[in-house]
Every structure is written in C-alpha cells, then in structure tokens.
Amino acid sequence: MSATAPTTAPEQRTILERFPAGSPRGSWPAEEYAAQRRAQGIDAQVVMDLPTDQFLVVTRTP
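Residues numbered from 1 in each chain as written. Predicted model: local features only at pLDDT ≥ 70, side-chain atom pairs only at ≥ 80, totals over all residues. Heavy atoms only, no water.

### Examining the overall build of the protein
Tallying secondary structure elements over the protein gives one helix and three strands in all. The linear arrangement of helices and strands in the protein, starting from the amino end, is β-α-β-β. For the protein, the proportion of its 62 residues judged to be buried stands at 18%. In the protein, the share of contacts with a sequence separation of at least 24, taken over all contacts with a separation of at least 6, comes to 52%. For the protein, the computed accessible surface area is about 5000 Å², with 55% contributed by carbon and sulfur atoms. (Helix = DSSP H or I, 4+ residues; strand = E, 2+ residues; numbered from the N terminus. Buried < 20%, exposed > 50% of the residue type's maximum accessible area, 1.4 Å probe, protein only. Contact = heavy atoms within 4.5 Å. Areas by Shrake-Rupley, 256 points an atom, 1.4 Å probe, with all protein chains shown as cover.)

This is how it looks when you write it as structure tokens:
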C-alpha cells in the first residue's frame, strides 16, 4: 500500500487590474490599488506575473 498526497484543484483567481513593473522608484500603484480594494472588503492581493513583467491585483474566485 502506498500513501499519496491528496490532490487539489488549482486556486482560481480573478484579475482585478494589471500594472507595469517599471513604476517610478517609491511608487507602488498595484499595492495602493489592492489596499483600496481591501478597504472595500475585497480580499485583493498583489502577485508578480514574470512572463509579462506586470504586477497583477487578484482576488480568489469562489
């Protein structure tokens, strides 16, 4: 008998907004946008999309 880890489906996310990674020094538009969404009760997070060199503001899709 072999033990295997249970498999789970990948987490589904909705992209709320995209921001280029080349913002001026000291500017964090993706973080600011996500903070505004969190203030509205939306569980927004910032993730980096390396292939497109963009910051994505995402939320979990139910």
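### Section: the nonpolar core
Counting residues in hydrophobic clusters, the biggest one holds six residues: Phe19, Ala30, Tyr33, Ala34, Ala44 and Val57. Among all residues touching alanine 30, those that are not within four sequence positions of it are Phe19, Val46, Phe55 and Val57. (Core = buried A, V, L, I, M, F, W, Y, C linked by side-chain atoms within 4.5 Å.)

### Some words on the sheet that holds strand S2 (residues 44–49)
The strand order across the open sheet built from three strands is S1-S3-S2, with neighbouring strands paired in antiparallel fashion. On the outer flanks of this sheet lie strand S1 (13–20) and S2, each paired with one strand and no other. Going across the sheet, the axis of each strand differs from the next one's by a mean of 30°, ignoring polarity. As defined by bridge partners, S1 adjoins strand S3 (residues 54–60) across seven bridges and the pair is classed as antiparallel. Following the sheet pairing, glutamate 17 is matched in S3 by valine 57. On the sheet, helix H1 (residues 29–39) packs against S1, S2 and S3 and is oriented at approximately 155° with respect to S2. (Pairing = 2+ DSSP bridges. Axes fitted to C-alpha atoms, helices over the stretch in contact; angles between N-to-C directions.)

### Re the pairing of S2
Remember that side chains alternate between the two faces of the sheet whenever the strand is regular. The pairing of S2 with S3 spans six bridges and is classified as antiparallel. For valine 47, the partnering residue across the bridge sits in S3 and is leucine 56.

### Some words on the side chain of threonine 59
Relative to the helices and strands, threonine 59 is located in strand S3. Threonine 59 sits in the buried class, given a relative accessible area of 16%.

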